[in-house]
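Inside the fold
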Amino acid sequence: MTETIKCILASEPQPGIVAEGWLRTTRASKNVVFLELNDGSCLESLQAVVEASTPGFAEIAALGVGSAVRVQGDLIPSPAQGQRVELKAASVEIVGQAGADYPLQKKRHSFEFLRTIAHLRPRAKTFGAVFRVRHALQMAIHRFFDNRGFIQVHSPIITASDCEGAGQMFRVTTFDLDGQLPKDDAGKVDFKRDFFETATSLTVSGQLEGEIFALAFKNVYTFGPTFRAENSNTSRHAAEFWMIEPEMAFCDLRGDMALAQDFIQCIVMEVLERCGEDIDFFDQWIEKGLRKKLEALVKSSFEAMTYTEAVAALAKSGKSFEYQVSWGADLQSEHERYLTEELVGRPLFVIDYPKEIKAFYMRQNDDDKTVAAMDLLVPQVGEIIGGSQREDRLDRLEAAMDRFGLDKQTYWWYLDLRRHGGVPHAGFGLGFERALMYLTGMQNIRDVIPFARVPGSAEF
Ligand code: 4AD
Ligand code: MG
């Protein structure tokens, strides 16, 4: 394996090196061709200078953008502006030609267009930066939890229970959908004859399994793909997205919020340190002031208010929202954005939501009206974290499940946990792509995930 372009660009001038990559641009001038080589290892490209005396010069000069080459030569101090070192080519091997119709030419393409060529867009500059940051962020997340002694749980992807109780699940079955589906006595599809002998779906969240492990390992987290068949075609919803869900035993809502703040600040700090060049790129081209925003986030503590206070603030704002706000209604994205962007101007926890609009597992507060829930809202993106203290009292939990019309049989093990050594516990879920949108300034979730799964589209 040869060295990456990132390593080469950081090294001292030296003879006899080999660089491999794809051409970002080529530029001919008199008897010289300048090749810009990129291999995704960093934002910058390595300039290779090829003189007319180089074997195969005519062919090299005719190479199109996107072609793959291997260049051998001496790394020398660059006489020109713009780079510290350059590669004086002794030989150029053409590894893979790109056709003249290669769609990624040297100009700004719209993100909408780039989505239609998701097999080539990782080679575009912006997407190189996005996916390097994506990698750095997931490493930072694992490091954060590992440093604090959290155990990672691999929660299942196929499940028979609906964690959020919202019925937005993708069915998993081996039934022949073109044939006759087996029916039970009541005339309904008989999943007892399906692969798992019960109805199954792709998970919407690993939380319930996370709770099982938290009640044995104290502090755990999941990090995996989750799936939601919500037909909301927005810039912030994907049908398949990744979620990080820490769960802590002997912990209440305050502890949960403290961890969430520490978590967000630490992972942002690490990405700032490790991906400085990429963050500066986003700052220049995608969101002006991004670096300042992130540096401020790391330093100051987050704001917090109750749902009731939030509704009062919205009513007092004098803004005309598309959706009316009144106590008991869910906050819409326009409300969330007003609160975090205009009212407080930084990340904001909204806590203690009405119990009717939150999931069945959240712990009921003493007022009998609200639950110990928390959403973390951030400017531009809105909700990036949803979490809560869990209902640890069996009778309350059963009553909530009845209220939501959930089948207690399916959740027998979840209820059983409250019978054997149950303790106060709490956790939250961070939407990985939402966090990436916040970190990069990218405005559409389709542009921070390698291959987006959204309503009407599962290509690539
Ligand atoms: O608020 P949610 O639905 O919470 C849960 O799933 C809990 N089980 C988490 C927990 O307490 N362990 O989802 C958590 C986060 C949201 O705040 C959002 O960032 C992200 O997941 N999210 C989505 N991201 C992209 N596309 C979607 N369709 C999303 N739905 C939720
Ligand atoms: Mg939520």
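Here is a short report on the structure shown in this document. Everything numeric here is computed off the predicted structure, so don't read it as measured data. (Residues numbered from 1 in each chain as written. Chains lettered and ligands numbered in written order. Predicted model: local features only at pLDDT ≥ 70, side-chain atom pairs only at ≥ 80, totals over all residues. Heavy atoms only, no water.)

Here's the deal with the sheet that holds strand 4 (residues 68-77)
- The strand order around the closed barrel built from five strands is 1-2-3-5-4, with neighbouring strands paired in mixed fashion. Geometrically, the sheet is characterised by an average inter-axis angle of 50° between neighbouring strands, direction not taken into account. (Pairing = 2+ DSSP bridges. Helix = DSSP H or I, 4+ residues; strand = E, 2+ residues; numbered from the N terminus. Axes fitted to C-alpha atoms, helices over the stretch in contact; angles between N-to-C directions.)

Comments concerning the packing of aromatic side chains
- A full pass over the atoms with the stated rule returns 22 aromatic pairs.
- Relative to Phe-282, the ring of Phe-281 has its centre 5.8 Å away and its plane inclined at 70°; by these criteria the two rings are edge-to-face. When sorted by exposure, Phe-281 lands in the same class as Phe-282, which is buried.
- Ring pairs connect the aromatic residues Phe-144, Phe-145, Phe-150, Tyr-221, Phe-263 and Phe-428, which therefore count as one cluster. (Phe/Tyr/Trp six-rings, centres within 6.5 Å; stacked < 30°, edge-to-face > 60°. Buried < 20%, exposed > 50% of the residue type's maximum accessible area, 1.4 Å probe, protein only.)

Quick word on the nonpolar core
- Residues Phe-263 and Ile-264 are the most contacted members of the largest nonpolar core, which totals 69 residues.
- Apart from the residues within four sequence positions on either side, Ile-264 is in contact with Leu-297, Phe-302, Leu-376, Ile-384, Ile-385 and Leu-430.
- Counting 29 residues, the second-largest nonpolar core is a separate cluster that includes Met-305, Ala-313, Tyr-338 and Leu-339. (Core = buried A, V, L, I, M, F, W, Y, C linked by side-chain atoms within 4.5 Å. Contact = heavy atoms within 4.5 Å.)

Quick look at the site of ligand 1
- If you check the shell around ligand 1, you find 24 residues, and the closest are Glu-164, Gln-207, Glu-230, Glu-245 and Glu-383.
- When ligand 1 is considered free in solution it has 630 Å² of accessible area, and contact with the protein chains removes 93% of it.
- The element that contributes the greatest number of residues to the shell around ligand 1 is strand 15 (residues 382-389), accounting for five residues.
- Of the residues belonging to the shell around ligand 1, the class tally is eight nonpolar, eight polar and eight charged. (Near = heavy atom within 4 Å. Areas by Shrake-Rupley, 256 points an atom, 1.4 Å probe, with all protein chains shown as cover. Nonpolar A, V, L, I, M, F, W, Y, C, P; charged D, E, K, R; others polar.)

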